[in-house]
Amino acid sequence: DMRKKPIIALIYDFDGTLSPGNMQEFGFIQAVGKTAQEFWRMSDNIAIGQDASNVLSYMKLMYDEAKQSGIELRKENFRRFGGEIALFKGVSQWFGAVNEYGRSRSVVIEHYINSSGLKEIIEGSSIASEFKHIFAGSFIYDDNGEAQWPGVAVDYTAKTQFLFKINKGIFSARDNKLVNESIAEEKKRVPFTHMVYFGDGDTDVPCMKIVEMFGGHSIAVYNPDDSKKKKTAFKLKKQGRVSFALPADYSINSETFEVIKAIIDKICADYSLQTLSAANTAVKKTKRK
């Protein structure tokens, strides 16, 4: 069987989805001598006071606070903070287990991050190597390797463009030509029907909606210890923005693992059916002697 193996893309938000906190809270905020509450309050005040993007506001605040505290904002420092990130239950075993299940069903599983956080911090996390690509915010660095200015700021609408990049197999943050070109459906690298989006909240809503709208599956996960988060997840399910609201437990015996196996099975069945349908074209009449 020489058919190309179909690719299934699992796309995750990071903060609140794979990790219980915000990535800035695992080292950076402590290093600048603030509490998480203080830092986010200051960031919100910049956004509100200036009517600015929340994402650009937190990046500006990181820059200012680091300068004031004499901390150099270098890639390796960000990565060091990333090494401190806590993960939800089962996350570190999840990728291997899902990949293994994909192999048993003859599909290729790819994992992606789609985050409003910082690429440089995520790259330092223990799971960084599991991802085909990390779509997230990043800084522009000067010749000494110090952060100078936001390079990529990812808000809830910016997140949707990354879905179209995954769809077409584009991994550049600055590309805006290829991503908008019209490509025949069957030439697209990962159809939307082969996407599963995992998120926990507001910045994920447009992505969840788009993936569901185009026939893929979205899952709202919530911290099992946080009743407010649980309410948000079930509200998203009630509104039809996601197919499932599940606790953020990624262990092998979890509900999340059961659901992902069922989704993979469904994608495989749909794919087989499509392939059969495509092969089932009208037979040419044989010439009579």
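Preceding this paragraph is the structure being described.
Below is a summary of the structure that appears in this document. (Residues numbered from 1 in each chain as written. Predicted model: local features only at pLDDT ≥ 70, side-chain atom pairs only at ≥ 80, totals over all residues. Heavy atoms only, no water.)

### Remarks on the overall build of the chain
Phase 1: A tally of helices and strands in the chain yields ten helices and seven strands.
Phase 2: Computed over C-alpha atoms, the radius of gyration of the chain comes to 21 Å, within 12% of the 19 Å expected from 2.2 N^0.38 for 289 residues, which places it in the range of a compact globule.
Phase 3: Residues classed as buried in the chain amount to 46% of the 289 residues present.
Phase 4: At a minimum sequence separation of 6, the contacts of the chain that also span at least 24 residues come to 60%.
Phase 5: Taken as a whole, the chain presents about 15,400 Å² of accessible surface, with 51% of it coming from carbon and sulfur.
Phase 6: The centroid of the 40 positive side-chain charges in the chain is displaced by 11 Å from the centroid of its 36 negative side-chain charges. (Helix = DSSP H or I, 4+ residues; strand = E, 2+ residues; numbered from the N terminus. Rg over C-alpha atoms; globule rule 2.2 N^0.38 Å. Buried < 20%, exposed > 50% of the residue type's maximum accessible area, 1.4 Å probe, protein only. Contact = heavy atoms within 4.5 Å. Areas by Shrake-Rupley, 256 points an atom, 1.4 Å probe, with all protein chains shown as cover. Lys, Arg positive; Asp, Glu negative; His and termini not counted. Charge placed at Lys NZ, Arg CZ, Asp CG, Glu CD.)

### Some points on helix α2 (residues 36-50)
Phase 1: Its 15 residues give α2 an end-to-end C-alpha distance of 21 Å, which sits within 8% of 21 Å, the value for a rise of 1.5 Å per residue.
Phase 2: Residues of α2 that are buried: F39, S43 and A47. End-on, the buried residues of α2 take up no more than an arc of 70 degrees, which puts them together on one face. Away from the buried face of α2 by more than 90 degrees, exposed residues Q37, R41, I48 and G49 are located.
Phase 3: Once α2 finishes, D51 follows within two positions and takes phi at roughly 50 degrees, a positive value. (Expected span 1.5 Å × (residues − 1). Arc of directions from axis to C-beta.)

### As for helix α8 (residues 205-213)
Phase 1: Every buried residue belonging to α8 is among V205, C207, M208, I210 and V211, and all of these are buried.
Phase 2: Two residues or fewer past α8, G215 is found with a positive phi of approximately 90 degrees.

### Here's the deal with the environment of F192
Phase 1: Considering the arrangement of structural elements, one finds F192 in the loop between α7 (156-168) and β5 (195-199).
Phase 2: In this structure, the C-alpha to C-alpha distance between F192 and F14, residues 178 residues apart in sequence, is 20 Å.
Phase 3: Not counting residues up to four positions away in its chain, the partners in contact with F192 are L163, F164, N167, I210, V211, F214, G215 and G216.

### What about the packing of α2 against helix α3 (residues 54-69)?
Packed helices, taken two at a time, are described by the angle their axes make and the gap between the axes.
Phase 1: Where α2 contacts α3, the two axes come as close as 8 Å, and the packing angle between them is 120 degrees. Judged by the angle between their axes, α2 and α3 are oblique. For the pair α2 and α3, the crossing hand works out as right-handed. Touching F39, W40, M42, S43, D44, I46 and A47 of α2 are N54, S57, Y58, L61, M62 and E65, all from α3.
Phase 2: Broken down by class, the residue content of the contact of α2 with α3 amounts to eight nonpolar, three polar and two charged. (Axes fitted to C-alpha atoms, helices over the stretch in contact; angles between N-to-C directions. Parallel < 35°, antiparallel > 145°, perpendicular 65-115°, else oblique. Left-handed = near helix turned anticlockwise from the far one by under 90°. Nonpolar A, V, L, I, M, F, W, Y, C, P; charged D, E, K, R; others polar.)

### Digging into the nonpolar core
Phase 1: The biggest cluster of nonpolar side chains holds 55 residues, and the ones touching the most others in it are L10, W94 and F198.
Phase 2: With seven residues, the top contributor of residues to this core is helix α10 (residues 255-279).
Phase 3: Setting aside chain neighbours within four positions, we find W94 in contact with L10, Y12, H111, F198, Y250, T256, F257 and I260.
Phase 4: One finds I7, F162, Y197 and I210 within the second-largest nonpolar core, a separate group that totals 25 residues. (Core = buried A, V, L, I, M, F, W, Y, C linked by side-chain atoms within 4.5 Å.)

### Remarks on the sheet that holds strand β4 (residues 147-152)
Phase 1: Sheet architecture is open: seven strands sit in the order β4-β3-β2-β1-β5-β6-β7, paired in mixed fashion. Two strands lie at the open edges of the sheet, namely β4 and β7 (244-247), each paired on one side alone. Between one strand and the next, the sheet's axes are offset by a mean angle of 25 degrees, whatever the strand orientation. (Pairing = 2+ DSSP bridges.)

### Here we look at the pairing of strand β2 (residues 108-118)
Phase 1: The buried fraction of β2 is high, at ten of eleven residues.
Phase 2: Where strand β1 (residues 7-12) meets β2, six bridges bridge the pair, whose relative direction is parallel. Across the sheet, residue A9 finds its bridge partner in β2, namely E110.
Phase 3: Two strands pair when backbone bridges link them, and β2 and strand β3 (residues 133-141) are joined in this way by four bridges, in the parallel orientation. Paired with L118 across the bridge in β3 is G137.

### So, the side chain of T17
Phase 1: Relative to the assigned elements, T17 resides in the loop between β1 and α1 (28-31).
Phase 2: Here D13 takes part through its side chain, which lies 2.9 Å from a polar atom of the side chain of T17.
Phase 3: Reaching out from T17, the side chain makes a polar contact with the backbone nitrogen of D200 at a distance of 3.3 Å.
Phase 4: Not counting chain neighbours up to four residues away, the residues in contact with T17 comprise F88, F198, G199, D200, V221, A248 and Y250. (Polar contact = N/O pair within 3.5 Å; in protein donor to acceptor, adjacent residues only side chain to side chain.)

Function cannot be read off these values alone, since they describe shape.
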